[in-house]
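# An overview of the molecular structure
Below, each chain spelled out in residue letters.
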Amino acid sequence: MSSSPLSWLRMAGLALAAALAAGCASTQTAAPTAASTAPMAAPAPTAAAPVRVKVFVAAMFEIGQNTGDRAGEFQHWYERYWRNSAPVAVKGALSPVYCNADGVCGAVLGMGKVNSSSSMQAVLLDPRFDFSESYYILSGVAGTPPSRGTIGMVSWATWLIDYDLGHRWAPEENTAGAPTFMPRKGYENYRRFQLNPALVGWAMKLSADTPLADDDKARAYRLRYPDAAARRAPFVGTGTHMTGDTFFHGPGLSKEAQYIAKLYGADDYVITEMEAAAITLVINRTHGTSRVMSLRGAVNFDQGNPRETTLAHLDPAPGETAGGFAETVLNIERVGSRVVDHIVANWPQWRAGVPPTTP
């Protein structure tokens, strides 16, 4: 989830509540073409014979059911890998875990840092799963600054930065235009993670040429922005993902996010989201971060165009939203599944760690 406009959040909130009430139950319906090759379901895990997880895919929310209705962050993953899999309830996790016979597992963890990371911890500590050799893809929708990205793009994180850990004060209590953020001492090991460059390199090598979906509404919406990046068709890229429970928005806070990324020695800030740094911290405490990937698709810009105020962009009139949501969640799975499928198909080379890339 990202810093999305309020009108979208109201609709997503109502739909998410329905999904939670349904316990992410699913009913079988026709799936996308990619799902026709879905592996068989895995045997039910037990403490004596845990599932050896090769790749764990985390989503943050689903809108309704896991299949057959409007897709959120989980549905396309579910339809590709777990249509025939039984849900495994995990104490302390928001939603069940699904696994197939190839060792690909996944779950909806919940939105926000505490929600998602507590679910991840519960799953990692469940003895029915063996995560000793696992790779992780933390996936979901996000926002992007128009100077760095566009609606429908998909981004692999090079760095994860926690936006919230620090000191902040009101702009009027500072020199005009100066940053209103200062890092807090003691959070050095919690506030940033550089993800494995070799793994990011593999992710781009395997997915950079993925055909991405787009729609007419998103194409028209991009033209409201003068930035060359904002006007681009969807693409696969890399950069820093900024994790914050705060839905920061507007050019001022976007500039501050870029300032924080540079302050911490990271790459350009390209994605605003709410979970990845927190989930990665939990994984780091048990298995390290060398096999963690963060994959996000942009469904909104983190600020309005030059002709609208921040509040107007946050609460747009009917018909004035960005579009491209359905295409973006499809793009995320299209890009991510290339990496999942490659790791599984070449498991002897990946089992001990990220193999060297070939020229």
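See the structure printed just above.
Read on for a plain summary of the structure. Residue numbers run consecutively from 1 along every chain, following the written order of its sequence. Under the rules for a predicted model, residues below a pLDDT of 70 receive no local features and side-chain atom pairs below 80 are neither given nor counted, while totals for whole chains, interfaces and linings still include all residues. Side-chain measures here rest on the full set of heavy atoms in the structure, leaving out hydrogens and waters.

## Focus on the packing of helix α4 (residues 197-207) against helix α9 (residues 325-345)
For any two helices packed against each other, one specifies the crossing angle of their axes together with the interaxial distance. All axes are obtained by fitting lines to C-alpha atoms, using only the stretch in contact for helices, and the reported angles, taken between N-to-C directions, cover 0 to 180 degrees. Only DSSP runs of H or I reaching four residues or more are called helices, and only runs of E reaching two or more are called strands; each is numbered from the N terminus. Contact pair α4 / α9: the axes reach a minimum separation of 9 Å and the direction vectors enclose 110 degrees. Considering the angle they form, α4 stands roughly perpendicular to α9. Of the two possible hands of crossing, α4 and α9 adopt the one that is right-handed. Between α4 and α9, the residues in contact are W202, A203, L206 and S207 and V335, R338, V339 and H342, respectively. Partitioning the contact of α4 with α9 into residue classes produces five nonpolar, two polar and one charged. For classification, angles of less than 35 degrees are called roughly parallel, those exceeding 145 degrees roughly antiparallel, those between 65 and 115 degrees roughly perpendicular, and all remaining angles oblique. Left-handed describes a crossing whose near helix is turned anticlockwise from the far helix by less than a right angle; the clockwise case is right-handed. We call two residues in contact when some of their heavy atoms are within 4.5 Å. Under the scheme applied here, ten amino acids are nonpolar (Ala, Val, Leu, Ile, Met, Phe, Trp, Tyr, Cys and Pro), four are charged (Asp, Glu, Lys and Arg), and all others, including Gly, are polar.

## Examining the state of the cysteines
By disulfide we mean two sulfur atoms from cysteines, separated by a distance within 2.5 Å. Enumeration according to the criterion identifies one disulfide in this entry. The side chain of C99 participates in a disulfide bridge whose partner is C105; the two sulfur atoms lie 2.0 Å from each other. The S-S bond linking C99 to C105 shows a torsion near 110 degrees; that makes this disulfide right-handed. The burial state of C99 is the same as that of C105; both residues are buried. Under the scheme applied here, a residue whose accessible area is under 20% of the maximum for its type counts as buried, over 50% as exposed, and between as partly exposed, the area being computed with a 1.4 Å probe on protein chains only.

## With respect to the pairing of strand β4 (residues 104-108)
Where burial is concerned, most of β4 is hidden: five out of the five residues are buried. Covered by surrounding structure in β4 are V104, G106 and V108 together with C105 and A107, the residues of both alternating faces. Any two strands with at least two DSSP-identified bridges between them are counted as paired. Here strand β2 (residues 55-59) runs beside β4; their pairing, made up of five bridges, is parallel. Bridge assignment links A58 to a residue of β4, and that residue is A107. Of the strand pairs in this sheet, strand β3 (residues 97-99) and β4 are connected by three bridges, and their pairing is antiparallel. By the bridge assignment for β4, Y98 is matched with G106. Between the antiparallel neighbours β3 and β4 lie four residues, among them G103 with a positive phi of about 85 degrees.

## Describing the environment of Y81
Summarising the element assignment, Y81 is placed in helix α2 (residues 75-81). On the basis of relative accessibility, which here comes to 3%, the residue Y81 falls in the buried class. When the C-alpha atoms of Y81 and Y98 are compared, they prove to be 8.7 Å apart, with 17 residues separating the residues in sequence. Among the polar contacts made by the side chain of Y81, one reaches the side chain of D341 at a distance of 2.6 Å. Between N or O atoms, a polar contact is any pair within 3.5 Å; within protein, one atom must be a potential hydrogen donor and the other a potential acceptor, and residues adjacent in sequence are included only when both atoms are from side chains.

No statement about biological role is implied by the geometric values presented.
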